[in-house]
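Overview (structure and organization)
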Amino acid sequence: MQLTRYTDFGIRTLMYLAIQPERETLFRIAEITEVFDLSPNHVSKIVHHLGKLGYLQTIRGKSGGFRLGMAPEKINVGELVRALENSLAPIDCSKPYCRLTPACQLKGVLAQAVNAYLAVLDRYTLADIVSNQQELRALLPDLEIPVLQL
């Protein structure tokens, strides 16, 4: 199963925010578009949707922006994928209509595969997939990484 780019970019956006837990300033759409080389229009739609779902807290206005709306430990990857994907069906037997559909067992096998796929995703949170924060941050050279005081 392949995720849509919409879901991919939504997850990337949340990962980017999650690897900067100490950041006090709000994130902006322009920052996400620059870091991941994405369309501002596309990112705007994703951020708006993530805000409506509660994954982001969005603040409107001149000094507005967004930040995580919940702790990374509370963002389940399986739930996130279900919320962002329009359809998780791996095939559409109706377009064009397949004459084998009434007796086809493939759709049942594929449904089991999708359920297994989602079961794996359900075992992880956003915190799990960014647990290697130092490595992820090193891949984004524009991030200001605070120096740890010993």
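Thresholds, definitions, all that
Residues numbered from 1 in each chain as written. Predicted model: local features only at pLDDT ≥ 70, side-chain atom pairs only at ≥ 80, totals over all residues. Heavy atoms only, no water. Helix = DSSP H or I, 4+ residues; strand = E, 2+ residues; numbered from the N terminus. Rg over C-alpha atoms; globule rule 2.2 N^0.38 Å. Buried < 20%, exposed > 50% of the residue type's maximum accessible area, 1.4 Å probe, protein only. Lys, Arg positive; Asp, Glu negative; His and termini not counted. Charge placed at Lys NZ, Arg CZ, Asp CG, Glu CD. Core = buried A, V, L, I, M, F, W, Y, C linked by side-chain atoms within 4.5 Å. Contact = heavy atoms within 4.5 Å. Axes fitted to C-alpha atoms, helices over the stretch in contact; angles between N-to-C directions. Parallel < 35°, antiparallel > 145°, perpendicular 65-115°, else oblique. Pairing = 2+ DSSP bridges. Phe/Tyr/Trp six-rings, centres within 6.5 Å; stacked < 30°, edge-to-face > 60°. Lys NZ or Arg CZ within 6 Å of the ring centre and 35° of its normal. Disulfide = S-S within 2.5 Å. Salt bridge = Lys/Arg side-chain N within 4 Å of Asp/Glu carboxyl O.

- Taking an unreviewed UniProt entry as the reference, the protein is identified by name as HTH-type transcriptional repressor NsrR belonging to Shewanella algae.

1. Points about the overall build of the protein
- If you tally the helices and strands in the protein, you get 7 helices and 2 strands.
- Ordered by position from N to C terminus, the α and β elements of the protein give α-α-α-β-β-α-α-α-α.
- Computed over its C-alpha atoms, the radius of gyration of the protein comes to 19 Å, more than 25% above the 15 Å expected for a compact globule of 150 residues.
- Its C-alpha atoms put the protein at 65 × 35 × 25 Å along the principal axes.
- Scored against the burial criterion, the 150 residues of the protein give a buried share of 32%.
- With 16 positive and 15 negative side-chain charges, the protein shows a spacing of 10 Å between the two charge centroids.

2. Considering the nonpolar core
- Counting residues in hydrophobic clusters, the biggest one holds 30 residues, and the most contacted among them are L14, L17, L50, L56, L68 and L80.
- Mapped by element, the contributors of at least two residues to this core are α1 (5-18), α3 (40-52), β2 (65-68), α4 (77-84) and α5 (106-122).
- Here this core takes 6 residues from α1, the largest share from any one element.
- Sequence-distant contacts of L17, defined by excluding residues within four places in its chain, comprise F27, I32, L56, F66, R67 and L68.

3. Observations concerning the packing of α4 against α5
- Packing of α4 against α5 leaves a shortest axis separation of 6 Å and a crossing angle of 125 degrees. With respect to each other, α4 and α5 are oriented oblique. Listed contacts from α5 to V77, G78, E79, V81 and R82 of α4 are L118, L121 and D122.

4. Topic: the pairing of strand β1 (residues 56-59)
- Where β1 and β2 come together, 4 bridges link them in antiparallel fashion. The residue of β2 that forms the bridge with L56 is L68.
- Adjacent in sequence and paired antiparallel, β1 and β2 are bridged by 5 residues, among which G61 carries a positive phi angle near 110 degrees.

5. Observations concerning the packing of aromatic side chains
- This model, assessed by the stated rule, comprises 3 aromatic pairs.
- A connected cluster of aromatic rings, assembled from ring pairs, spans Y16, F27, F36 and F66.
- Its guanidinium or amino end placed over the ring of F27, R23 lies 3.9 Å from that ring's centre, counting from NZ or CZ.

6. Details of the state of the cysteines
- This model, assessed by the stated rule, comprises 0 disulfides.
- Sulfur of C93: no disulfide; nearest cysteine sulfur belongs to C104 and is 5.8 Å away.

7. A word on the pattern of salt bridges
- Applying the stated criterion to the full structure yields 4 salt bridges.
- A salt bridge links R23 to E31; the shortest N-O distance between them is 2.7 Å.
- As a salt-bridge pair, R82 and D122 come within 2.7 Å of each other at their nearest N and O atoms. Residue R82 is located in helix α4, and its partner D122 is located in helix α5; the two are separated by 40 residues in the primary sequence.
- A relative accessible area of 36% places R82 in the partly exposed class.
- Using a relative accessible area of 32% as the deciding quantity, one classes D122 as partly exposed.

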